[in-house]
Every structure is written in structure tokens, then in C-alpha cells.
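Letter by letter, the chains look like this.
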Amino acid sequence: MPDPAPRGPTLKSAMDARGRHRIDAARIAVVGAEIVLSVAAITGVVALLDEVAPVTGLGVLYILAVLVIAVRRGQIAALATAVLSVLALNFFFIEPRYRLTIADSHNFVALLVFLVVALVVGRLAATARTQTAEAERRALLASAREREAMILAQAASSFLSGENVATQLERMADRQTTSTPRAIRAGITAAPETQGGELAVRIPSTRPGWLYGRPDAGWDRASLERLAQALARLIDLARERELLAERSAAAEAARRADATKTALLHAISHDLRSPLTAITTAASGLRQEGLPPEDHTALLEAIEAESERLARMVDDLLDLSRIEAGAVNPRTDWCDLADAVARAAEQVERRFGTHQIELDVPADLPLVRADAAQLERVFSNLLENAVKFSPESAAVRVSGGSGGGRVTVRVTDSGPGIPSSRRSEIFEPFVRGTEPGQGSGLGLAICRGLVEANGGEISLQGSAGKGSTFAVTFPLVAQPVEAR
Amino acid sequence: MSTDGQRVLVVDDEPQIVRALKVILRGAGYATQQAETKQEALDAVAVRPPDAMVLDLILPDGSGVEVCKEIRRWSGLPIIVLSAVGDEREKVRALDAGADDYITKPFGTDELLARLRAALRRVGEESEPRVRIDDLEVDLEAREVSSNGEVIHLTPIEFDLLRVLTRHRGKLVTHRQLLHEVWGPGFENETHYLRVHVAHIRAKIEPEPSRPRYLVTEPGVGYRLRED
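Quick caveat, the model's predicted, so the values are computed rather than measured.

Considerations on the overall build of chain A
Step number 1: Of regular secondary structure, chain A possesses 12 helices and 10 strands.
Step number 2: Evaluated residue by residue, chain A yields a buried proportion of 40% over its 484 residues.
Step number 3: Look at the contacts in chain A between residues 6 or more apart in sequence, and 63% of them connect residues 24 or more apart.

A word on the interface of chain B and chain A
Step number 1: Each side of the interface is counted separately: chain B has 28 residues, and chain A has 29 residues.
Step number 2: The contact between chain B and chain A buries some 2400 Å² in all, and 49% of this surface belongs to carbon and sulfur atoms.
Step number 3: Three residues, B:His192, B:Arg195 and B:Arg211, lead the burial of chain B against chain A; their summed loss comes to 25% of the area buried on that side.
Step number 4: Scanning the region where chain B abuts chain A turns up four salt bridges.

What about a nonpolar patch on the surface?
Residue and element names in this part refer to chain A.
Step number 1: A cluster of nonpolar side chains, namely Val36, Leu79, Val83, Leu84, Leu87, Phe91, Phe92, Tyr98, Leu100 and Leu119, defines an oily patch on the protein surface of about 840 Å² accessible area.
Step number 2: In terms of residue count, the dominant contributor to the nonpolar patch is helix α5 (residues 75-93) (six residues).
Step number 3: Turning to its location among the elements, Leu100 is positioned in the loop between α5 and α6 (105-161).

Regarding unusual backbone geometry
Residues and elements named next belong to chain B.
Step number 1: Positive phi, close to 50 degrees, is recorded for Arg143, a residue that is not glycine.
Step number 2: Of note, the phi angle at Asn148 is positive, near 55 degrees, even though the residue is not glycine.
Step number 3: With respect to the element layout, Asn148 can be found in the loop between β10 (144-147) and β11 (150-152).

Some words on the environment of B:Arg169
Residue and element names in this part refer to chain B.
Step number 1: Within the fold, Arg169 resides in the loop between α6 (156-167) and β12 (172-174).
Step number 2: For Arg169, a relative accessible area of 8% puts it in the buried group.
Step number 3: Linking Arg169 and Glu227, residues 58 residues apart in sequence, is a C-alpha distance of 5.7 Å.

Structural notes on the packing of helix α10 (residues 337-351) of chain A against helix α11 (residues 372-389) of chain A
Residues and elements named next belong to chain A.
Step number 1: Closest axis-to-axis distance for the α10/α11 pair is 8 Å, and the angle between their directions is 45 degrees. When the axes of α10 and α11 are compared, the pair comes out oblique. Our pair here, α10 against α11, has a crossing hand that is right-handed. Taking contact as the criterion, the partners of Leu337, Ala340, Val341, Arg343, Ala344, Ala345, Gln347, Val348 and Arg351 in α10 are, on α11, Leu375, Glu376, Phe379, Ser380, Leu383, Glu384 and Val387.
Step number 2: Partitioned by chemical class, the residues of the contact of α10 with α11 number 10 nonpolar, two polar and four charged.

Some points on the nonpolar core
Residue and element names in this part refer to chain A.
Step number 1: Membership of the largest hydrophobic core comes to 46 residues, with the highest contact counts inside it found for Leu337, Ile357, Leu375, Phe379, Leu382, Leu383 and Val398.
Step number 2: In terms of residue count, α11 provides more of this core than any other element does, eight residues in total.
Step number 3: Dropping the residues within four chain positions of it, Val398 is found in contact with Val341, Ile357, Glu358, Leu359, Asp360, Val361, Leu383, Val409, Arg410 and Val411.

Observations regarding the packing of aromatic side chains
All names here are of chain A.
Step number 1: Counted by the stated rule, this structure contains seven aromatic pairs over all chains.
Step number 2: Here Phe91 and Phe92 contribute two aromatic rings whose centre-to-centre distance is 5.2 Å and whose plane-to-plane angle is 90 degrees, an arrangement assigned as edge-to-face.
Step number 3: The partly exposed category is assigned to Phe91, whose relative accessible area is 30%.
Step number 4: Seen from their ring centres, Phe92 and Tyr98 are 6.4 Å apart, and the 80 degrees between their planes marks the pair as edge-to-face.
Step number 5: Residue Tyr98 is classed as exposed on the basis of its relative accessible area of 52%.
Step number 6: Each residue in the set Phe91, Phe92, Phe93 and Tyr98 is aromatic and connected to the rest through ring pairs, giving one cluster.

Structural notes on a negative patch on the surface
All names here are of chain B.
Step number 1: Taken together, Asp13, Glu14, Glu36, Glu40, Asp43 and Asp61 make up a surface patch of like negative charges.
Step number 2: Secondary-structure assignment places Asp13 in the loop between β1 (7-11) and α1 (15-27).
Step number 3: Using a relative accessible area of 30% as the deciding quantity, one classes Asp13 as partly exposed.

Looking at the packing of helix α7 (residues 175-182) of chain B against helix α8 (residues 191-205) of chain B
All names here are of chain B.
Step number 1: At a minimum axis separation of 10 Å, α7 and α8 run at an interaxial angle of 85 degrees. Between α7 and α8, the angle falls in the class roughly perpendicular. The residues of α8 that touch α7, namely those facing His175, Leu178 and Leu179, are Thr191, Tyr193, Leu194 and Arg195.
Step number 2: Grouping the constituent residues of the contact of α7 with α8 by class yields four nonpolar, two polar and one charged.

What counts, and where the lines are drawn
- Residues numbered from 1 in each chain as written.
- Chains lettered and ligands numbered in written order.
- Predicted model: local features only at pLDDT ≥ 70, side-chain atom pairs only at ≥ 80, totals over all residues.
- Heavy atoms only, no water.
- Helix = DSSP H or I, 4+ residues; strand = E, 2+ residues; numbered from the N terminus.
- Buried < 20%, exposed > 50% of the residue type's maximum accessible area, 1.4 Å probe, protein only.
- Contact = heavy atoms within 4.5 Å.
- Buried area = accessible area lost by both parts, 1.4 Å probe.
- Salt bridge = Lys/Arg side-chain N within 4 Å of Asp/Glu carboxyl O.
- Patch = residues over 30% accessible without salt bridge, like charges linked within 9 Å, V, L, I, M, F, W, Y side chains within 5 Å.
- Areas by Shrake-Rupley, 256 points an atom, 1.4 Å probe, with all protein chains shown as cover.
- Axes fitted to C-alpha atoms, helices over the stretch in contact; angles between N-to-C directions.
- Parallel < 35°, antiparallel > 145°, perpendicular 65-115°, else oblique.
- Left-handed = near helix turned anticlockwise from the far one by under 90°.
- Nonpolar A, V, L, I, M, F, W, Y, C, P; charged D, E, K, R; others polar.
- Core = buried A, V, L, I, M, F, W, Y, C linked by side-chain atoms within 4.5 Å.
- Phe/Tyr/Trp six-rings, centres within 6.5 Å; stacked < 30°, edge-to-face > 60°.
- Lys, Arg positive; Asp, Glu negative; His and termini not counted.
- Charge placed at Lys NZ, Arg CZ, Asp CG, Glu CD.

Shown next, in the form of C-alpha cells:
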């Protein structure tokens, strides 16, 4: 879209001409002088040619003067030129010369014909001139309106897509023209802040703003006012939309918090109840008299195992509440990832004796800055998950390495993998695997919370149908050196 | 090891836990005594000092950390702290305040009794210059370490670290304590020294260094040489 600004001044004068005919003395003097000069010039030419051609034929040259004035100055001036031409022709060239009387009636007819022709030609030329001017004016008006419409359309589309009316308004004005100083701009301020020669027009929106246009770029008050009116309506609509969006976001947040609370209560009531039931049942079973020693042992083991499960669940809930409250408070120190993994593997193997955990974390892996106890919890959660989701006796592998400014530990299981549709949600609390009895659904949420609180990242990598790999990554930091 | 006559003060305000602890301790041959609050605990120690104390960190009238601080002003009585998972900060404060060791709830009987035994064994009493743990043998006098009869070469610093842990075997040795005893005053915060040297020691003494059996990490707190 070409910038229509340069055509502005022409538009302005055309609109003045249409509006009010200001007849002032200066203008009459200029037109008068033009008429006299043109008639005088033709008279000179006719005088030169007087010797070679008959004067009645040469009289037609005055039509030229009438045409020029008609095109330049319109019908009234053309009329005046025609009359002056007849007078000049009569005075200078028709016998008796240098008098305004006509001796020959033949010459009189010729003069009359000339006058009529001059008038008709003058009128035709003047009409053509008016029509051209009108067409030009319409074209200019159309392009001015188009410019306004474009600004409004841009404003409307940016308001609809954007979040903040004030910035959108700034940007809207910005997009309109890239030249500096900007031909038109807008801002939401209480008082106008004009820059060098700008016109300021108030935008009458609920929270008023100002529209600034540069007259030298073709902006006049009338078009700015039209634009301001339309912008005001758009701004009000956009504001209303903003308010509605804010309200609905707050409502959505509240709804989600509610959903989390409900899920939490559900998880607590369900997950805590089953181990409690098992413990109570086993304990009352122990009261039976004459219980064979192996049953006695089995019941005691059940109580121990279920109590431990219960304790872990409560620990998970506490961890999660700390994470959600932003109260993880890591005790950051130099940590050996291999050490944390070893501790975690030992715990998980003690609990689930069925799986072999392959450890391939180099002992010389760079140290990271983190809380060692929290790291251990991260890896024991990941390993517990890996063991639960892998078929019995299938391998769970932990590997480590560094590169690209990071230190990474990967935990890979041989489970069914996680479908891509669920990958984005697995780090959310209370999201569980598809099979029942797979834990609280808090493990990965806790992992993510603890890792992130320690400045690391956790991600799920390649999981194409055969196992999942969780990668825990920490930034590689300059390694400390021993002073002695 | 005989526990005859040794008395353990249990400080906790949960009746069920106190009851269970008393049963376990009595079963292992200790005499028991109980206190429910910080004040009761301090009074009990002042009136008739026990041989050891098992202390919960959360008491109705204060923190177990305050009890540790108070008692350490005038007594070296072994203190084992009961702590919950995730309470690392409080646990470390208790150790800094003078507690000897900690045990994380829920704990097993064996674990509790092992900690108590180690805490009651006085460091100075150790006359045995040679300590054997499974296949690992540490000769403190000859500064020699061997595994399955094969001599292991340790650097002087590695041996010093292992020596401190051996003298306190079964007991938690905090980072500060290790750094202070091996590197000397002013090095107590250089925990990265420990990470590196412990990894080296493990590579030499552990049958499977990636799964340490002898030299155990207590994350964020210190190290422990397993007793048996």
C-alpha cells in the first residue's frame, strides 16, 4: 500500500474550492491580469500576421485565449476573455481601425459568430475543467477514506488479537507509517502530548486518549476527528473484552485450584485408606489364638509394608505441598550425582527386590550445585517408577554424562512407554499410569518440583513403544579445586 | 556388647511411639526412662544423667535442637535424634547443636539399635588397632588397608579420611567433622574435597564402587562407615 500522504495538500485545496468560493480582490486581480495578458498576446500575433492573411480569418486565434482561460480559470473568466477579445479584434483590426464602430455589416456578422463560438468553447472547456476537478477531488477523498479505513481495520484486528489496548494502540499507529516523524499516532494519556507541529484530537473513549496527525503529511482536523470517533468505539470494545478475559482467567484458575483440591482429597481418602485397612486387618488377625508362626510373620510383614507405603505417601504429600507453596528451600552444596543415584538405587532395590538396576554413572562426572537429599528423592522416585513399569526381571538402566554445558543423568525403563498424547501431562500431580495400583501419581510431579527448585530440568525423552527415558539435567558449573 | 545397666532416656510426646521404643529398648537389654517435653528432658538429664538419649525433634514446648544445645553445655551424653523425611534442615541443625546421630522415621528396630550401640561406644575406649568389616581390614597403627588380604594403596589424605570414619565406625561423621579432622581448621566448608576423595576411596576399597557397601553417604549431612 503506497503512502497517500503526499497528495494531501491538493486534497485540501480541492475541498476548499468545493466548500466556499472565496472571492477576494487578489484573486480577481490575478485572473484579470491573466485575461488581459492573454488577449494582448493574441492581439500581437494577429498584428504580425495581419499582412499575410485576412483579418476575419485571423480572429479565430482569439479562441485560443478563451480556451486557455476557460481551462485555467473557469466559465466567468472565459466569458470576460471572449468579450475582451471581440473588443480588441474590433478596435485593432476591423475597419475603421482604432474605433469601436463597424463599417461593414459582413464584419459585424463575423464578429458576432466569433463571440458565440468563443462563448460555447469557453463553456465547454470550463465544464470539462470542473468535471476533472470533481473527479480528482473524489479520488483524493476516496484515498483519504481508504487510509482511515485501513487504520481502523488494523486497529480492530490488533485489538481483537492483542491483550493490552494501550500497547496495541501504539503499535497500530506505528504500523501505519514507518517514516519519521510518524504521520499519525495515538496514545492513552490524560493530556495531549504533541510533538512538533502535530494536530491533537481527543479520542472520546471511556478512558480517553489522543490521536495525533501531522498536517504536512495530509492529516487535517476533520479526518482526525472522524478517525478518533471510530477508534473510541474500538477501544471501548477492546477494553470490555480485556475485562471479560481477565474475569474468565480468574474463574478458570479458581476452577483448576478447586479441581486440584478435589483430586487431592480423593487421592488422600482413597490411597490412605487401603494401607490403613490392610494394617488394621493384619493387626486384628494377630490376635487370633493358635496362629501358625508363618502366618504370624506374614501378618507382621504386611503391617510393616503397608505402614511404609503409608509413610511414603504422606512424605509425598508433604513434598508436594512444599513444592506448590514454593517452600522447597534446597540446601545447595556440591553434589556427586553418581552418589545420589547409588543411594536411590539401593533403596529401591531393597523395596522391590525383583529388578536389576544397571548403574552406568561415571564416578568422575562433574559435581553439580544442588541439595543432595532432594536429588536422592528425585532419583528414588524415578527408579521406583521405572521398576514399577518394567516387566519383572527386565533391566532398568541409569546412565550419566556431561556435555554441552550440562550434566545429565538418564533413567531408562523397559516398560510400555508413554503415549505421546499423555507426555505433556505426566509431570502434573495426580496423573497416574493406566493400570490400577501404580502409586499416588505424585512421584513425577515431585521430581519436577525438586529438580526445578535445584536449578535443573527434567524431561521425558524417546519413548517409542519400548520404554521411557527420563533425563535429569543440571547446568555444568566451574569445578572447585582443592587448595592443597 | 553388654548393655547391662545402661539407661536410655526416650524423649517424645507420642505415647504410642514411646511405648514401642521402650519395648524395643528393653528387649535389647537397656533400661528406659521417658520424658514428654523439653523441660522434662532437661530435668531428667540433670537429676540422673542417662547413658544415652533418643530425642524427637518436635516437642510440645520447643525443639529437640534446643535440648541438644542445652545439654551440650555440660554433658557429652550420646544423643540420637528422630527426624522425618524432608526435615534435612532441622536434622542438620540438631547435628550442629551437638547430636551424635540421627535416624529417619519410620525406622526399623535393627537400625535404631545399631545407631545406639555405635553412639554408646566411646571413641577413646577403642583399644583395637585393627578393625575388620566383612572383607575390609583397616590397621590404624600400621596405616594399612587390605581387602581379602590384598593390600590397598591409599594416599595419605584418603587414609586419614578412612581412619576418622573407622574410629567412629557405625556412627555418622558430618562433613564439618571430617574436614576439620583431616584438613584442619578453616576447611570445614570445602565439601567438594570430600566428594572427590570419597569417590577415590570407594574405587579402591569397594567391591562395586557404584554401589558402596562400606562407605555410606548420608546425603547433605556426612558419611558413615558401616559396622558389619
